Amino acid sequence: MTTETRTAPDAVEATAPLRPRRRRHPGRWVLLAIGVVLALLTVFPLVWMVMGSVKTPEEVNSPSLIPSTLTFENYVYVFSQVPFARYLFNSFFISAAVTVLALWFHSMAAYALARLDFPGRERIFLAIFATMLVSAPVTIIPTFIIVRTLGMVDNYAGLIVPAIFNAFGIFLLRQFYISLPDELEEAALVDGASYWSIYWRIVLPLSRPILSALAVFFFLANWNSFVWPMTVTSDPQLRVVQLGIQSFQQQYAADWNYILAASTVAALPTLAIFFVFQKQIVASIKTSGLK
C-alpha cells in the first residue's frame with residue numbers, strides 16, 4: 001500500500017490560513033481624485049502669489065506661472081519704500097497679546113462655568129453663547145462708541161482689548177472641562193487643594209492640546225484682522241500688515257509685483273504657525289478627557 005507524500009510547499013499551502021482578498025472600491029479612487037483636485041485648487045493661488053512676487057513688472061501680468069527671470073527687487077522695494085517692518089511688528093504684537101490674554105481669561109471663565117456650582121451659571125453661559133449668533137458687523141458701531149468713550153482710539157489698547165473676549169473660546173473650553181472626570185477634582189479637594197490650585201496645577205496642564213489649537217485660531221484671526229483696525233486707528237504707525245497691504249495697493253494700483261511680494265511676506269508667519277502646531281490641532285480634536 002502506498003501513501004502519497006506532500007512536498008513542503010504543498011503542506012504549507014494546505015495548512016496556511018486563507019487571507020481575505022481586499023476588495024477594490026471604485027468610490028475610493030473617486031474620492032481620492034476629488035481630494036487631489038481640491039488640494040490643487042487650494043494651493044494654486046498661493047503658488048501663483050509666490051511666483052508673481054519674483055516676477056519683473058513687465059512679466060507679472062503674463063499668464064505664465066513660472067517667471068523667465070527671477071528677481072527679489074520687489075521684496076527690497078516693499079521694505080525700503082514703506083514701513084512694512086513696522087506693520088509686521090504691529091500685527092505680531094497685537095495678535096500675540098490678544099492670544100495670551102484671551103486664553104487666560106477664557107480658560108478661567110470656562111472652568112468656572114463648567115466645574116463651579118453657583119446661582120445663574122447656566123443663564124450666564126446661555127447669554128455668552130447667544131453672542132455667537134450675532135454677526136460681527138452689527139457690533140462694530142457699539143464697540144467703537146465704547147472704545148472712543150474710554151479713550152482707546154488710536155492706541156494699542158483699542159486694538160487689543162475688544163478682541164480678547166470671544167464666546168467661541170469659552171464655549172469650546174467649557175465643553176472640554178465638562179468631559180474631565182469628577183474623581184480627579186474630588187481627589188484634589190480631599191487633599192486640601194483650592195479651586196485655584198486645581199485650575200492651575202491640574203486643569204491647565206490637561207488643556208494644553210486644546211489651548212494650543214485655540215492659540216492658533218486666535219492668532220490667525222487677529223493677524224488677518226482688517227475691518228476693526230481700519231475702524232479704530234488712523235495713525236500710520238499703528239497700521240497692521242493687512243492695512244499696510246491695502247494702502248500699498250491704493251498707492252500702486254498697477255504694480256502687482258509689489259503687492260504680491262507684500263502678501264507673500266504677510267502669509268509666511270501664518271503658514272509657519274500652522275505647520276508648527278498642526279499636531280496640537282489634531283490632538284485637540286481627538287482629546288476628550290483623560291485616557
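Residues numbered from 1 in each chain as written. Predicted model: local features only at pLDDT ≥ 70, side-chain atom pairs only at ≥ 80, totals over all residues. Heavy atoms only, no water.

**Student:** Could you clarify how one ought to interpret the overall build of the chain in this entry?
**Tutor:** For the chain, the helix and strand inventory stands at 14 helices and zero strands. Going residue by residue from the N terminus, the α and β elements of the chain occur as α-α-α-α-α-α-α-α-α-α-α-α-α-α. Looking at the 291 residues of the chain, the share that counts as buried comes to 33%. Sequence separation of at least 24 residues holds for 71% of the intrachain contacts in the chain that already meet a minimum separation of 6. Summing over all exposed atoms, the chain offers an accessible surface of approximately 18900 Å²; the carbon and sulfur share of this is 66%. (Helix = DSSP H or I, 4+ residues; strand = E, 2+ residues; numbered from the N terminus. Buried < 20%, exposed > 50% of the residue type's maximum accessible area, 1.4 Å probe, protein only. Contact = heavy atoms within 4.5 Å. Areas by Shrake-Rupley, 256 points an atom, 1.4 Å probe, with all protein chains shown as cover.)

**Student:** What am I meant to see in the packing of helix H5 (residues 121-130) against helix H8 (residues 167-178) here?
**Tutor:** Pairs of packed helices are described in terms of their axes, by the angle between the two and the distance that separates them. H8 packs onto H5 with a crossing angle of 135 degrees between their chain directions and a minimal axis gap of 9 Å. Here H8 runs oblique to H5, going by the angle between their axes. Between H5 and H8, the residues in contact are Glu122, Phe125, Ile128 and Phe129 and Ala167, Ile170, Phe171, Arg174 and Gln175, respectively. Residues that form the contact of H5 with H8 fall into these classes: six nonpolar, one polar and two charged. (Axes fitted to C-alpha atoms, helices over the stretch in contact; angles between N-to-C directions. Parallel < 35°, antiparallel > 145°, perpendicular 65-115°, else oblique. Nonpolar A, V, L, I, M, F, W, Y, C, P; charged D, E, K, R; others polar.)

**Student:** Is there a simple way to think about the packing of helix H10 (residues 195-206) against helix H11 (residues 208-223) in this case?
**Tutor:** It is at 5 Å that the axes of H10 and H11 come closest, and there the two elements cross at 65 degrees. Comparing the axis directions of H10 and H11 gives the class roughly perpendicular. Contact with H10, carried on its side by Leu204, Pro205 and Leu206, involves Arg208, Pro209 and Leu211 of H11 and no other residues of that element. In the contact of H10 with H11, the residues fall into five nonpolar, no polar and one charged.

**Student:** Explain a nonpolar patch on the surface to me, please; I cannot follow it from the model alone.
**Tutor:** Judged by side-chain polarity, Leu101, Trp104, Phe105, Val161, Phe165, Trp196 and Trp200 come together as a nonpolar surface patch covering roughly 710 Å² of accessible area. Going through the elements one at a time, helix H4 (84-115) and H10 are the ones with two or more residues in the nonpolar patch. For the nonpolar patch, the leading source of residues is H4, giving three residues. Position of Trp200 relative to the elements: it lies in helix H10. (Patch = residues over 30% accessible without salt bridge, like charges linked within 9 Å, V, L, I, M, F, W, Y side chains within 5 Å. Salt bridge = Lys/Arg side-chain N within 4 Å of Asp/Glu carboxyl O.)

**Student:** What is the right way to read the environment of Val60 from this model?
**Tutor:** By the secondary structure assignment, Val60 is in the loop between helix H2 (26-53) and helix H3 (73-81). Take Val60: its relative accessible area is 8%, and that puts it in the buried class. Distance in space between the C-alpha atoms of Val60 and Asp255 is 8.5 Å, their sequence separation being 195 residues.

**Student:** Any chance you could explain the nonpolar core here in plain terms?
**Tutor:** In summary, soluble globular proteins display a tendency toward joint burial of nonpolar side chains. With 30 residues, the main nonpolar core has Ile94, Tyr111, Ile160, Leu173, Tyr177 and Val203 as its most contacted residues. No other element matches H4, which puts eight residues into this core. Dropping the residues within four chain positions of it, Ile94 is found in contact with Tyr156, Leu159, Ile160 and Val240. (Core = buried A, V, L, I, M, F, W, Y, C linked by side-chain atoms within 4.5 Å.)

**Student:** How should I be thinking about H3 in this particular structure?
**Tutor:** An α-helical segment advances 3.6 residues per turn. Residues three or four places apart therefore align on the same side. Inspection of H3 places Asn74, Tyr75 and Val78 among the buried residues, and these make up the whole buried set. Along the long axis of H3, the arc covered by the buried residues comes to 100 degrees, so they all point the same way. (Arc of directions from axis to C-beta.)

**Student:** Mind showing me how you'd approach the packing of aromatic side chains here?
**Tutor:** Two numbers describe a pair of aromatic rings. These are the distance of the centres and the angle of the planes. Tallying each qualifying case throughout the model produces 20 aromatic pairs. Ring centres 6.1 Å apart and planes at 75 degrees place the aromatic pair Phe84 and Tyr87 in the edge-to-face group. Within this pair, Phe84 and its partner Tyr87 are both found in helix H4, separated by three residues, close to a single helical turn. One aromatic cluster is present, built from ring pairs that chain together Trp104, Tyr111, Phe176, Tyr177, Trp196, Tyr199 and Trp200. A cation over an aromatic ring shows up here: Lys55 above the ring of Trp48, its NZ or CZ 5.0 Å from the ring centre. (Phe/Tyr/Trp six-rings, centres within 6.5 Å; stacked < 30°, edge-to-face > 60°. Lys NZ or Arg CZ within 6 Å of the ring centre and 35° of its normal.)

**Student:** Explain the side chain of Asn74 to me, please; I cannot follow it from the model alone.
**Tutor:** With respect to the secondary-structure elements, Asn74 resides in helix H3. Relative accessible area serves as the criterion here: at 2%, Asn74 is assigned to the buried category. A distance of 2.8 Å separates a polar atom in the side chain of Asn74 from a polar atom in the side chain of Asn257. When residues no more than four places from it in sequence are discounted, the contact partners of Asn74 are Gly52, Ser53, Val54, Lys55, Asn257, Tyr258 and Ala261. (Polar contact = N/O pair within 3.5 Å; in protein donor to acceptor, adjacent residues only side chain to side chain.)

**Student:** Is there a simple way to explain the pattern of salt bridges in this structure?
**Tutor:** Where charged atoms from two side chains of opposite charge come close, those side chains can pair. Applying the stated criterion across every chain yields a total of four salt bridges. Linking Arg115 and Asp182 is a salt bridge whose minimum nitrogen-to-oxygen distance equals 3.0 Å. Of this pair, Arg115 sits in helix H4 while Asp182 is found in helix H9 (residues 182-190), placing the two residues 67 residues apart along the sequence. On the basis of relative accessible area, Arg115 is assigned to the buried category, the value being 15%. Looking at Asp182, the relative accessible area reads 45%, which means it is partly exposed.

**Student:** Is there a simple way to explain the confidence of the model for the chain in this structure?
**Tutor:** When pLDDT is low, close inspection of the predicted coordinates is not appropriate. In this model, the chain carries an average pLDDT of 84, and 85% of its residues clear a pLDDT of 70 or more. Note on residues 1-6: pLDDT is under 50 here. Beyond four places in sequence and across chains, it has one contact. (pLDDT = per-residue confidence, 0-100.)

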